[in-house]
Amino acid sequence: MTLRIGRIVLGAVVAASLTVFAAPTIPANAEPSATPKTVKSAKDRVEELQAEAGQIGEDYNTIADALDKGKDELKVLNSDIAIQQKKVDQLNADARTIALAQFRSRDLDTTLQIFTSDDPDQLLDRLSTASKVDDTMAQLLSEQQTEQANLADMKRSAQAEVTALADQEKKLSELKDKADAKVAEAQTLYESLDPSDRQQVDNGGGSSDKGDSNDTPDPGDYGDADARVKKAIAYAVSKVGNSYVWGASGPNSFDCSGLMLAAYRKAGISLPHSSAAQAGRGRAVSKSNLRPGDLVFYSHGGRVYHVAMYIGGGKIVHARQPRYGIQINSLNGYSPVASARRIIG
């Protein structure tokens, strides 16, 4: 039962790990801020809302990843329960068989049997065998009780995990609603701006070297890159124009970390579905030493909330926001880079 008890403990750990990520960073009762009074404050607020939506997206992906692992663990636990149930059923059947045999062979008082038997020695052998059967029955009943208790523990663990998973699914729905609300608020502000101000927001806002939100799907400059890097870049670039969807990792819709996950999966490399987690993979590189395939990260309030892939030629490809979908932009035209990591090389 070591394996099965381990499953019970592991299931409880997974359920507990889901709870760790239950509280989103953005307060549940956060109210929309007052309408900005200047164009600059409006643009700043749009960018802030986009960053906040990205942070909520990070919380969403963290819980979604734990939820997926919890569901996988529950499948294993349910499989173990089925095996354990068969074991208990077999022990029950064995006990019934022995009990029935004992019932059918019941006879006169043992002393009377010895004195009336034609072959007392043979009878004593039979009685010795019966005693062993009694011992076997006692051991069988003890084992049956132990395995039945283990089965009950496993079922309770599974039910607790089902409850925890249902709770996390509810939290995912709540996080998506919050993210959508941030996006809607940002969109309302965006539409209130003049076209020229909208252009500044589209260009990333605040950078001294602005790019163009309508950058063409430039393949960048990665001809000399590692073959695996080329695969990752080619995949990401091929998705330009596709939609941004919270928690998606392809094949048709993506969020920012989902696009990086899918691109590097094509190159045979596994990445977590979280920009914050991806920011810990590979090795750190400076912005001045970027190479095609490097991941660049953006932060707000000290938290990483967005990731893009550098493709050379001063360009990045990323799942930007629901408003924009998958785009290629100028590296210097987007928000300031907080950090960068080299996944290959």
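You'll find the structure just up there.
The model shown is predicted, which means the values in this text are computed figures rather than measured ones.

Draft legend 1. Layout of the overall build of the chain. Looking only at helices and strands, the chain features 8 helices and 8 strands. The long-range share in the chain, meaning contacts at least 24 apart out of those at least 6 apart in sequence, stands at 71%. For the chain, the accessible area works out to roughly 17,700 Å², and carbon and sulfur atoms hold 52% of it.

Draft legend 2. Structural view of the environment of Ala99. Inspection of the secondary structure puts Ala99 in helix α2 (residues 39-104). Separated by 38 residues in the primary sequence, Ala99 and Met137 place their C-alpha atoms 7.9 Å from one another.

Draft legend 3. Looking closely at empty space enclosed by the protein. Within this structure, the stated rule accounts for 1 cavity of 30 Å³ or more. What the largest cavity holds in volume is close to 30 Å³. Lining the largest cavity are Gly54, Gly57, Glu58, Asn61, Tyr244, Trp246, Asp255, Cys256 and Tyr305. Of the residues forming the lining of the largest cavity, the biggest block, 4 residues, is contributed by α2. Considering only residue class, the lining of the largest cavity consists of 4 nonpolar, 3 polar and 2 charged.

Draft legend 4. How the structure looks around the pattern of salt bridges. Here the structure, examined in full by the defined rule, presents 13 salt bridges. A salt bridge links Arg45 to Glu185; the nearest nitrogen and oxygen atoms lie 3.7 Å apart. With a gap of 140 residues between them, Arg45 in helix α2 and Glu185 in helix α4 (residues 120-192) connect regions that are remote in the sequence. Comparing Arg45 with Glu185, the two get one shared label, buried. Between Glu52 and Lys182 there is a salt bridge, with the nearest N and O atoms lying 2.9 Å from each other. Taken together, the residues span a long stretch of sequence, with Glu52 in helix α2 and Lys182 in helix α4 at a distance of 130 residues. The pair Glu52 / Lys182 is uniform in exposure class, with both members buried.

Draft legend 5. Focus on the packing of aromatic side chains. Under the counting rule described, the total for this entry stands at 2 aromatic pairs. Ring centres of Tyr235 and Phe254 lie 6.3 Å apart, and the angle between their planes is 85°; on these two criteria the pair is classed as edge-to-face. Highlighted residues: Tyr235 in helix α6 (residues 227-238) and Phe254 in strand β2 (residues 253-254), separated in sequence by 19 residues. Taken individually, Tyr235 and Phe254 each receive the classification buried, so the pair is uniform in this respect. Measuring from ring centre to ring centre gives 5.1 Å for Tyr244 and Trp246, while their planes differ by 85°; the resulting arrangement is edge-to-face. Taken as a pair, Tyr244 and Trp246 share a single burial class, namely buried. Arg320 extends its terminal NZ or CZ atom over the ring of Tyr324, reaching a point 3.9 Å from the ring centre. Above the ring of Tyr190, the side-chain terminus of Arg323 is found at 4.1 Å from the ring centroid.

Procedures and definitions
- Residues numbered from 1 in each chain as written.
- Predicted model: local features only at pLDDT ≥ 70, side-chain atom pairs only at ≥ 80, totals over all residues.
- Heavy atoms only, no water.
- Helix = DSSP H or I, 4+ residues; strand = E, 2+ residues; numbered from the N terminus.
- Contact = heavy atoms within 4.5 Å.
- Areas by Shrake-Rupley, 256 points an atom, 1.4 Å probe, with all protein chains shown as cover.
- 1 Å grid on protein atoms, 1.4 Å probe; cavity = no way out; pocket = protein on both sides within 12 Å on 5 of 7 lines; lining within 4 Å.
- Points joined across faces, edges and corners; volume = space filled by probe spheres on them.
- Nonpolar A, V, L, I, M, F, W, Y, C, P; charged D, E, K, R; others polar.
- Salt bridge = Lys/Arg side-chain N within 4 Å of Asp/Glu carboxyl O.
- Buried < 20%, exposed > 50% of the residue type's maximum accessible area, 1.4 Å probe, protein only.
- Phe/Tyr/Trp six-rings, centres within 6.5 Å; stacked < 30°, edge-to-face > 60°.
- Lys NZ or Arg CZ within 6 Å of the ring centre and 35° of its normal.

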